[in-house]
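# A structural walkthrough
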Amino acid sequence: MTRRATSTRPYNQIATEPLNPSDLPKMVEGLRKINKSYPLAVTKVEESGEHTIMGTGEIFLDSVMKDLRDLYSEAGGLLRISTRPTLERPTVFARLYK
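On to the pattern of salt bridges, then. What the rule picks out here adds up to five salt bridges. Taking the shortest distance from any N to any O, the salt bridge between Glu29 and Arg32 comes out at 3.6 Å. In this pair, Glu29 and Arg32 both sit in helix H1 (residues 24–37), three residues apart, roughly one turn of the helix. A salt bridge links Asp70 to Lys66; its shortest N-O distance comes to 2.9 Å. Residue Asp70 and its partner Lys66 are both found in helix H2 (residues 58–74); the two are separated by four residues, about one turn of the helix.

In structure tokens:
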């Protein structure tokens, strides 16, 4: 059986931060575990310092955030999560000339 190559790009993103700033290392450890569990999830730190999780859709991000909440709450921390996933899809406009 050959491995099938797929090409997907994450378009939705959610910002997360700990309610208590001293819990940041616990959240970062949870994000590392998410990266191992979900190969399509991309986590990064923005210039503003907020941690974002990017994924391919809202349902995918919901399951990622549920697992992150479960992992993080076991460590005793609380998360603040952006209310809605934002769409980061580049749009191309073209004019058609006849």
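Picking up where we left off.
Here we come to the side chain of Thr52. Inspection of the secondary structure puts Thr52 in strand S3 (residues 51–55). Classification of Thr52 as buried rests on a relative accessible area of 2%. For Thr52, the side chain forms a polar contact with the side chain of Glu46, separated by 3.3 Å. Apart from residues no more than four positions distant in its own chain, Thr52 is found in contact with Gln13, Ile14, Ala15, Val42, Thr43, Lys44 and Glu46.

Inspection of the sheet shows strand S2 (residues 42–45) paired to S3 by four bridges, in the antiparallel sense. The residue bridging Lys44 from the neighbouring strand is Thr52, located in S3. Hairpin connection, S2 to S3: the antiparallel pair is bridged by five residues, and Gly49 has positive phi, about 100°.

Analysis parameters
Residues numbered from 1 in each chain as written. Predicted model: local features only at pLDDT ≥ 70, side-chain atom pairs only at ≥ 80, totals over all residues. Heavy atoms only, no water. Salt bridge = Lys/Arg side-chain N within 4 Å of Asp/Glu carboxyl O. Helix = DSSP H or I, 4+ residues; strand = E, 2+ residues; numbered from the N terminus. Buried < 20%, exposed > 50% of the residue type's maximum accessible area, 1.4 Å probe, protein only. Polar contact = N/O pair within 3.5 Å; in protein donor to acceptor, adjacent residues only side chain to side chain. Contact = heavy atoms within 4.5 Å. Pairing = 2+ DSSP bridges.

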